[in-house]
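One-letter residues, chain by chain:
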Amino acid sequence: MNAHATEEITSAVHAAVQAAVWAPSVHNTQPWSFVVDGEEIALRADSDRGLRTGDIMGRERLVSCGAALMNIRLVLRGLGHEARVRVLPDPDRPALLATVRLGESAEADEHTRTLCARIEHRRTHRAGFTETPVPDQLVDELVQQAAAEGARLTPVRSEAAVRALAALTEAAQEVQSQDRLFTLEVLRWARPPGSTRAEGVPAEAYPREPRRTRPHFAQRDYAHGHSWGGESDRSAATSTGLVAVLTTLSDSREDWITAGQALQRILLHADAHGVRAAFHTQPLEMFHLREFMRQELLSGEYPQMIMRLGFTPDEGRSVRRPIAEVLEERGTT
Ligand SMILES: Cc1cc2nc3c(=O)[nH]c(=O)nc-3n(C[C@H](O)[C@H](O)[C@H](O)COP(=O)(O)O)c2cc1C
């Protein structure tokens, strides 16, 4: 391989890892690391960053890593390379979630380029949305984005079902806030104002005095009694937005990685149309509530994410660890 081609591959692989870290992750734990070896990127789960109370099985950790994997795939594709992905390639190395190898050159399509351009822009929202509804055509497209990855996005249109999901979220939040271990875990990942930590949920990422949506979807209590939070709920918006649930047919580790990839594709496509997402995963962290949702509301499919989608003028803030902290380089091409 000539020097120019080698250089191009090295820079594509690095661009992909740099984009990977902008994936969403539960409490911004960023539970991943990457090993680059020539043309191959290995994505590993970092169990030291797992949630021992809220995510005993590591489901949310793998959903987060799946979202990072989607960014890698998109960026390689956007730079004109096929991405050859093997998910869970080695049963003897469970932390190795995927390997991605550069394949043939392949012209990037317009949609891939559009999604790539949103990777660093996308942010989680933690308040109400404006009254502008998410257009039906966009909802259909988001459903297709999920299906293309082997997951299902179900927009919840019935008001009764939306109220039921809101109630389940409220119940889970109430129970978790009474539980010392849950509370300590959320606090561990709450980033106080002025903190320089490059992880956790920054105080600027949620409003100090959030308005209640109708129906109300309980937010995580990252402030825990402090008057932390962004200046105000600028938009003063109180619409719940469109509630949607991402599901898979089964519930294996592979399904969780699939769900993460589908999630990220949905979020980037939505962001490209000015639509942001808020997440409410508290009920999914409680076995009986998740099972109740699955059987009573989701025809037996496994819920992987509960989200609200909508428009907001708020910009959102987040932080990430420097690449050097998550990337190990081995060998050369
Ligand atoms: C599996 C998963 C679960 C999440 N659950 C919640 C949640 O319950 N509440 C919330 O406000 N954000 C939730 N988030 C969003 C993360 O807090 C967010 O992605 C992280 O702080 C990084 O910020 P960013 O998405 O703005 O880049 C979740 C994200 C993932 C991937």
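Residues numbered from 1 in each chain as written. Predicted model: local features only at pLDDT ≥ 70, side-chain atom pairs only at ≥ 80, totals over all residues. Heavy atoms only, no water.

Asker: What's the story with unusual backbone geometry in this structure? I'm lost.
Answerer: With the exception of glycine, most residues fall at negative phi, and the peptide bonds are largely trans. In the segment running from Arg-214 into Pro-215, the intervening peptide bond is cis, with an omega of -5°. Take Pro-215: it is sitting in the loop between β7 (201-202) and β8 (242-248). Positioned with a positive phi, His-27 is a non-glycine residue whose angle comes to about 55°. Within the secondary structure, His-27 is located in the loop between α1 (3-20) and β1 (32-37). (Helix = DSSP H or I, 4+ residues; strand = E, 2+ residues; numbered from the N terminus.)

Asker: Any chance you could explain the side chain of Arg-294 here in plain terms?
Answerer: Checked against the element boundaries, Arg-294 lands in helix α8 (residues 287-297). Judged by relative accessible area, Arg-294 falls into the buried class, the value being 16%. Contact partners of Arg-294, with chain neighbours within four places excluded, come to Ser-299, Gly-300, Glu-301, Tyr-302 and Pro-303. (Buried < 20%, exposed > 50% of the residue type's maximum accessible area, 1.4 Å probe, protein only. Contact = heavy atoms within 4.5 Å.)

Asker: What is the right way to read the sheet that holds strand β5 (residues 152-155) from this model?
Answerer: Pairing in this open sheet of four strands is antiparallel, and the strands run β5-β8-β10-β9 from one edge to the other. Each edge of the open sheet carries a strand with a single partner, namely β5 and β9 (276-279). With direction set aside, neighbouring strand axes in the sheet form an average angle of 35°. Taken together, the four bridges between β9 and strand β10 (residues 302-310) define a ladder with antiparallel strand orientation. Within the sheet, the bridge partner assigned to Phe-279 lies in β10 and is Met-307. (Pairing = 2+ DSSP bridges. Axes fitted to C-alpha atoms, helices over the stretch in contact; angles between N-to-C directions.)

Asker: How should the nonpolar core be read in this particular structure?
Answerer: If you look at soluble globular proteins, the nonpolar side chains tend to sit buried side by side. Membership of the largest hydrophobic core comes to 61 residues, with the highest contact counts inside it found for Trp-32, Phe-34, Leu-246, Met-307 and Leu-309. Here the element with the most residues in this core is helix α2 (residues 59-78); it accounts for eleven residues. Taken together, domain 1 (3-122 + 321-330) and domain 2 (136-310) each give at least three residues to this core, which thus spans both. Not counting chain neighbours up to four residues away, the residues in contact with Met-307 comprise Leu-153, Leu-242, Val-243, Ala-244, Leu-246, Leu-263, Ile-266, Leu-267, Ala-278 and Phe-279. (Core = buried A, V, L, I, M, F, W, Y, C linked by side-chain atoms within 4.5 Å. Domains from an automatic or database assignment.)

Asker: For this particular structure, what's the right way to read the environment of Leu-153?
Answerer: Looking at the secondary structure, you find Leu-153 in strand β5. Other than its neighbours up to four places away in sequence, Leu-153 contacts Leu-142, Val-143, Ala-146, Ala-244, Val-245, Leu-246, Ile-266 and Met-307.

Asker: Can you walk me through helix α6 (residues 180-188) in this structure?
Answerer: In an α-helix there are 3.6 residues to a turn, and that puts residues three or four apart on one side. Residues of α6 that are buried: Phe-182, Thr-183, Glu-185 and Val-186. Along the axis of α6, the buried residues cluster in a sector spanning 165°; they form a single face. Buried positions along α6 lie against α5 (159-178) and β6 (190-191). Backbone nitrogen of Leu-181 and a side-chain oxygen of the N-cap are separated by 2.9 Å at the start of α6; the cap is Asp-179. (Arc of directions from axis to C-beta. Polar contact = N/O pair within 3.5 Å; in protein donor to acceptor, adjacent residues only side chain to side chain.)

Asker: How do you make sense of the site of the ligand when you look at a structure like this?
Answerer: Inspection of the region around the ligand gives 20 residues, with Thr-124, Arg-126, Arg-220, Thr-281 and Arg-320 positioned closest. Within the contact set of the ligand, an oxygen atom lies 2.9 Å away from a side-chain nitrogen or oxygen of Arg-220. Within the contact set of the ligand, an oxygen atom lies 2.7 Å away from a side-chain nitrogen or oxygen of Arg-320. Considering the ligand on its own, with 620 Å² of exposed area, one finds that the protein chains cover 100% of that surface. Partitioning the shell around the ligand into residue classes produces six nonpolar, eight polar and six charged. (Near = heavy atom within 4 Å. Areas by Shrake-Rupley, 256 points an atom, 1.4 Å probe, with all protein chains shown as cover. Nonpolar A, V, L, I, M, F, W, Y, C, P; charged D, E, K, R; others polar.)

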